[in-house]
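Each chain, written out:
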Amino acid sequence: MTERYDGPLIDPHHHLWDLKLERHPWLKKAQATGGETAFGSLAPILRNYGIEDYRADAARQNVVATVHVEAGWFDAHPLEESRWLDSLDRSSGVARRYVARVPLDAPDAMRLLEMEAANPNVVGIRDIVSWHPEPAKRFARCADLMGDPAWRAGLAHATRLGLIFDLMLYPWQMKDALALVRAFPETLFVLNHGGSPVDRTDDGMALWREGLRAFGNEPNVRLKISDLVAYDSGWTLESLRPVIEHCLDCFGPTRSMFASDFPVAGLYASFDEVYRAFRTVASQFSLDEQRALFFATANDTYRLGTADPVEPQGGCDV
């Protein structure tokens, strides 16, 4: 075991929302049912979650910059989420960059992508492809978004505009997603939530491990290790450890990044508990490798431009 990293963190995956705007249909639906959903109760997060709320959760973790990932804003109001984020006081580094939402198969997807790309704070796009046999657990609009020619045309345009694509899916979609990744070698994909190991049966975990291993062989994919507590009812450090270690074995520290997914992960663990698990498992790596996991990979991937105080900053000899 090496020394545990205690330097600055970049959190490359979290969400903010203001419920009075009434722009998040999944939260409105949960409000109507008292918080109950197919994934359990969302009641604890059915409240405004702004920059100060995030900073309070992360106060003990030395977070110096973050990436805001689209939070399921209404499709009927495109571009609004990025503009709302622009209106916030982001001087603390929270929401320094955004992964925006554009339905890539929409009739006006090209125009929307160009408008998002014109915002210097927008570095990526997420259009969730997660499809579940149970309707209540579906995030995607249809079962085969990744194979739809219109959707792929949108992805190609996003790539031409220099935008990253955040890829959220279920493990049983990994074979189709692997074909997508290989068909778009110029696109930088970031696989969300460690590939979402949601099926905890032996067969389900074997499918996840095999799929993640294949993704790790593709040079245009990076991995966010986040919200693993959501897939592990009654989690402990020892139950999380083999999942985190498999992620790191597949992608290595320089292509992986730890992320919070707050406030959603807060349904299952505190911010400190999440990062305590990350720090403990990562402590087997060198300090440079840990710095990659907690800071450098996210800084490079999402073009944050945040100075690392450990790295030389240049200057003249005197």
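The structure this text deals with has already been given above.
This is a predicted model, so every value here is computed, not measured.

What counts and what doesn't
Residues numbered from 1 in each chain as written. Predicted model: local features only at pLDDT ≥ 70, side-chain atom pairs only at ≥ 80, totals over all residues. Heavy atoms only, no water. Helix = DSSP H or I, 4+ residues; strand = E, 2+ residues; numbered from the N terminus. Rg over C-alpha atoms; globule rule 2.2 N^0.38 Å. Buried < 20%, exposed > 50% of the residue type's maximum accessible area, 1.4 Å probe, protein only. Contact = heavy atoms within 4.5 Å. Areas by Shrake-Rupley, 256 points an atom, 1.4 Å probe, with all protein chains shown as cover. Lys, Arg positive; Asp, Glu negative; His and termini not counted. Charge placed at Lys NZ, Arg CZ, Asp CG, Glu CD. Pairing = 2+ DSSP bridges. Axes fitted to C-alpha atoms, helices over the stretch in contact; angles between N-to-C directions. Salt bridge = Lys/Arg side-chain N within 4 Å of Asp/Glu carboxyl O. Phe/Tyr/Trp six-rings, centres within 6.5 Å; stacked < 30°, edge-to-face > 60°. Right-handed = clockwise from strand over helix to strand, strands pointing away. Expected span 1.5 Å × (residues − 1). Arc of directions from axis to C-beta. Polar contact = N/O pair within 3.5 Å; in protein donor to acceptor, adjacent residues only side chain to side chain.

Let us now look at the overall build of the protein chain. Across its full length, the protein chain holds 10 helices and 10 strands. Taken against the 2.2 N^0.38 rule, which gives 20 Å for 318 residues, the C-alpha radius of gyration of the protein chain at 19 Å falls within 12% of a compact globule. Oriented by its inertia axes, the alpha-carbon framework of the protein chain measures out at about 60 × 50 × 40 Å. Relative to its 318 residues, the protein chain shows a buried fraction of 53%. Long-range pairs, those at least 24 residues apart, make up 78% of the contacts in the protein chain with a sequence separation of at least 6. Counting only carbon and sulfur atoms, one obtains 52% of the accessible surface of the protein chain, whose full area is about 13,800 Å². Separation between the mean location of the 33 positive side-chain charges and that of the 45 negative ones in the protein chain comes to 2 Å.

What follows concerns the sheet that holds strand 8 (residues 189–191). The strand order 1-4-5-6-7-8-9-10 describes an open sheet built from 8 strands, whose pairing is parallel. Of all the strands in the sheet, just strand 1 (9–14) and strand 10 (256–258) have a single pairing partner and so form its edges. In this sheet, neighbouring strand axes are inclined to one another by 25° on average, regardless of whether the strands run parallel or antiparallel. Here strand 4 (residues 63–69) pairs with strand 5 (residues 97–100) via 3 bridges, running parallel.

On inspection of all chains with the given rule, the structure shows 19 salt bridges. R141 is the partner of D127 in a salt bridge, and the nearest nitrogen-oxygen pair spans 2.9 Å. Of this pair, D127 sits in the loop between strand 6 (122–126) and helix 5 (149–160) while R141 sits in the loop between strand 6 and helix 5, and the two are 14 residues apart along the sequence. Judged by relative accessible area, which is 36%, R141 ranks as partly exposed. Residue R241 pairs with E238 through a salt bridge whose shortest N-O separation is 3.3 Å. Here R241 pairs with E238, and both are found in helix 8 (residues 237–251), just 3 residues apart, close to one helical turn. Its relative accessible area of 22% is what places R241 among the partly exposed residues. Put simply, D75, R101, D105, D127 and R141 are held in one network by salt bridges that share partners.

Before going further, it helps to examine the packing of aromatic side chains. The tally for this structure, following the rule as stated, stands at 13 aromatic pairs. An angle of 35° between the planes, with centres 6.1 Å apart, marks the rings of W73 and W84 as tilted. Taken together, the residues span a long stretch of sequence, with W73 in the loop between strand 4 and helix 3 (80–86) and W84 in helix 3 at a distance of 11 residues. Classification of W73 as buried rests on a relative accessible area of 7%. Using a relative accessible area of 15% as the deciding quantity, one classes W84 as buried.

To continue, consider the pairing of strand 5. Burial along strand 5 is two-sided: the residues R97 and V99 and Y98 and A100 are all buried. Taken together, strand 4, helix 3 and strand 5 constitute a β-α-β crossover, and its handedness is right-handed. Examined bridge by bridge, strand 5 and strand 6 share 3 bridges and lie parallel to one another. Paired with V99 across the two strands is G124, which belongs to strand 6. For the crossover from strand 5 across helix 4 (residues 109–117) to strand 6, the handedness is right-handed.

Here helix 7 (residues 202–216) contains 15 residues, and its C-alpha end-to-end distance of 21 Å stays within 8% of the 21 Å for a straight helix at 1.5 Å per residue. Every buried residue of helix 7 is accounted for by G204, M205, W208, G211, L212, F215 and G216. Along the axis of helix 7, the buried residues cluster in a sector spanning 140°; they form a single face. The exposed set on the far side of helix 7, more than 90 degrees from its buried face, consists of D202, D203 and E210. Buried residues along helix 7 sit against strand 7 (164–167), helix 6 (174–183), strand 8, strand 9 (221–225) and helix 8.

Here S260 lies in the loop between strand 10 and helix 9 (271–282). S260 sits in the buried class, given a relative accessible area of 0%. Engagement of the side chain of S260 in a polar contact is seen with the backbone oxygen of H13, the distance being 3.4 Å. One polar contact links the side chain of S260 to the main-chain amide nitrogen of F262, over a distance of 3.1 Å. When near neighbours in sequence (up to four residues on either side) are disregarded, S260 contacts D11, H13, H14, Y54, D227, A265, F271 and Y275.

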